[in-house]
Amino acid sequence: IRRYMPDSIMVVVAPVDTLEAVRAMFTHDTNTLVVAGGSSRQASTLQGLLALRAKAPTHVLIHDAARPFLSGQIILEVLQALERLAPRGLLEAR
(Lines give C-alpha, C1' and ligand atoms only; values in the text may rest on other atoms or scores of the structure.)
Protein backbone atom coordinates (compact mmCIF):
# COMPACT_ATOMS: atom_id res chain seq x y z
CA ILE A 1 0.00 0.00 0.00
CA ARG A 2 2.98 2.32 0.55
CA ARG A 3 3.51 2.61 -3.21
CA TYR A 4 0.14 4.37 -3.45
CA MET A 5 1.02 7.04 -0.90
CA PRO A 6 1.18 10.51 -2.47
CA ASP A 7 4.43 12.44 -2.71
CA SER A 8 2.51 15.55 -1.82
CA ILE A 9 -0.99 16.83 -1.21
CA MET A 10 -2.38 20.09 -2.48
CA VAL A 11 -5.38 21.79 -0.93
CA VAL A 12 -7.01 24.38 -3.16
CA VAL A 13 -9.03 26.85 -1.14
CA ALA A 14 -12.06 28.84 -2.24
CA PRO A 15 -13.24 31.30 -1.13
CA VAL A 16 -9.86 32.91 -0.93
CA ASP A 17 -10.68 34.80 2.28
CA THR A 18 -10.35 31.48 4.14
CA LEU A 19 -6.89 30.76 2.69
CA GLU A 20 -4.86 31.75 5.76
CA ALA A 21 -7.12 29.81 8.13
CA VAL A 22 -6.72 26.68 6.02
CA ARG A 23 -2.95 27.22 5.74
CA ALA A 24 -2.79 27.41 9.53
CA MET A 25 -4.33 23.92 9.72
CA PHE A 26 -1.40 22.50 7.72
CA THR A 27 1.55 24.45 9.14
CA HIS A 28 3.21 21.30 10.51
CA ASP A 29 2.55 19.18 7.42
CA THR A 30 5.47 19.69 5.05
CA ASN A 31 3.84 17.33 2.54
CA THR A 32 0.83 19.62 1.98
CA LEU A 33 0.71 22.77 -0.13
CA VAL A 34 -2.25 25.13 0.27
CA VAL A 35 -3.06 27.46 -2.63
CA ALA A 36 -5.81 29.91 -3.53
CA GLY A 37 -8.57 28.63 -5.75
CA GLY A 38 -10.65 30.40 -8.36
CA SER A 39 -14.21 31.58 -8.85
CA SER A 40 -15.45 28.15 -10.02
CA ARG A 41 -14.52 24.49 -9.56
CA GLN A 42 -12.86 24.52 -12.96
CA ALA A 43 -10.85 27.65 -12.12
CA SER A 44 -9.81 26.15 -8.77
CA THR A 45 -8.69 22.95 -10.49
CA LEU A 46 -6.62 24.99 -12.91
CA GLN A 47 -5.01 26.94 -10.05
CA GLY A 48 -4.09 23.68 -8.34
CA LEU A 49 -2.60 22.22 -11.52
CA LEU A 50 -0.62 25.38 -12.20
CA ALA A 51 0.78 25.29 -8.66
CA LEU A 52 1.87 21.67 -9.24
CA ARG A 53 3.92 22.48 -12.33
CA ALA A 54 7.11 23.04 -10.32
CA LYS A 55 6.80 19.53 -8.84
CA ALA A 56 6.27 17.95 -12.28
CA PRO A 57 4.18 15.05 -10.96
CA THR A 58 3.68 11.93 -13.03
CA HIS A 59 0.11 11.48 -11.78
CA VAL A 60 -2.47 13.84 -10.30
CA LEU A 61 -5.72 12.86 -8.59
CA ILE A 62 -8.34 15.56 -8.21
CA HIS A 63 -11.04 15.27 -5.59
CA ASP A 64 -13.91 17.70 -5.30
CA ALA A 65 -14.49 18.32 -1.60
CA ALA A 66 -18.14 19.08 -2.36
CA ARG A 67 -18.45 15.28 -2.37
CA PRO A 68 -16.61 14.44 0.88
CA PHE A 69 -17.64 10.81 1.35
CA LEU A 70 -15.22 9.26 -1.11
CA SER A 71 -14.03 5.94 0.26
CA GLY A 72 -10.44 4.82 0.49
CA GLN A 73 -11.42 1.79 -1.59
CA ILE A 74 -12.50 3.98 -4.50
CA ILE A 75 -9.23 5.93 -4.32
CA LEU A 76 -7.27 2.67 -4.30
CA GLU A 77 -9.20 1.37 -7.32
CA VAL A 78 -8.55 4.60 -9.24
CA LEU A 79 -4.84 4.38 -8.43
CA GLN A 80 -4.71 0.75 -9.53
CA ALA A 81 -6.50 1.59 -12.78
CA LEU A 82 -4.10 4.47 -13.35
CA GLU A 83 -1.16 2.13 -12.87
CA ARG A 84 -2.69 -0.46 -15.20
CA LEU A 85 -3.98 1.88 -17.93
CA ALA A 86 -1.57 4.83 -17.94
CA PRO A 87 0.94 3.20 -20.29
CA ARG A 88 -1.86 3.02 -22.88
CA GLY A 89 -2.81 6.63 -22.23
CA LEU A 90 -5.41 8.05 -19.92
CA LEU A 91 -5.46 11.82 -19.82
CA GLU A 92 -2.09 13.38 -20.44
CA ALA A 93 -1.38 16.83 -19.03
CA ARG A 94 0.62 19.15 -21.24
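Presented here is an overview of the structure given in this document. Keep in mind the model is a prediction, meaning the values are calculated, not measured.

**Let's talk about unusual backbone geometry**
Then, number 1: Residue alanine 14 is joined to proline 15 through a cis peptide bond whose omega torsion reads 5°.
Then, number 2: With phi around 45°, alanine 56 is a residue other than glycine that occupies positive phi space.
Then, number 3: One can find alanine 56 in the loop between helix 2 (41-52) and helix 3 (72-85).

**Some points on a nonpolar patch on the surface**
Then, number 1: On the surface, Leu61, Leu70, Ile74, Ile75 and Val78 cluster together to form a nonpolar patch covering roughly 390 Å² of accessible area.
Then, number 2: Inspection of the secondary structure puts valine 78 in helix 3.
Then, number 3: Classification of valine 78 by relative accessible area gives partly exposed; the value is 41%.

**Considering the pairing of strand 2 (residues 32-36)**
Then, number 1: Pairing of strand 1 (residues 9-13) with strand 2 involves five bridges; the strand directions are parallel. Residue pairing in the sheet places valine 12 in a bridge with valine 35 of strand 2.
Then, number 2: Once the chain exits strand 1 it traverses helix 1 (residues 19-25) before rejoining the sheet at strand 2, and the crossover so formed is right-handed.

**A few points about the layout of surface pockets**
Any empty space left between atoms is shown by rolling a water-sized probe over those atoms.
Then, number 1: There is about 1,700 Å³ of room inside the largest pocket.
Then, number 2: Surrounding the largest pocket, 41 residues form its lining, Ser8, Val60, Leu61, Ile62 and His63 being those nearest its centre.
Then, number 3: Per element, the largest residue contribution to the lining of the largest pocket is eight residues, and it comes from helix 3.

The rules behind these values
- Residues numbered from 1 in each chain as written.
- Predicted model: local features only at pLDDT ≥ 70, side-chain atom pairs only at ≥ 80, totals over all residues.
- Heavy atoms only, no water.
- Helix = DSSP H or I, 4+ residues; strand = E, 2+ residues; numbered from the N terminus.
- Patch = residues over 30% accessible without salt bridge, like charges linked within 9 Å, V, L, I, M, F, W, Y side chains within 5 Å.
- Areas by Shrake-Rupley, 256 points an atom, 1.4 Å probe, with all protein chains shown as cover.
- Salt bridge = Lys/Arg side-chain N within 4 Å of Asp/Glu carboxyl O.
- Buried < 20%, exposed > 50% of the residue type's maximum accessible area, 1.4 Å probe, protein only.
- Pairing = 2+ DSSP bridges.
- Right-handed = clockwise from strand over helix to strand, strands pointing away.
- 1 Å grid on protein atoms, 1.4 Å probe; cavity = no way out; pocket = protein on both sides within 12 Å on 5 of 7 lines; lining within 4 Å.
- Points joined across faces, edges and corners; volume = space filled by probe spheres on them.

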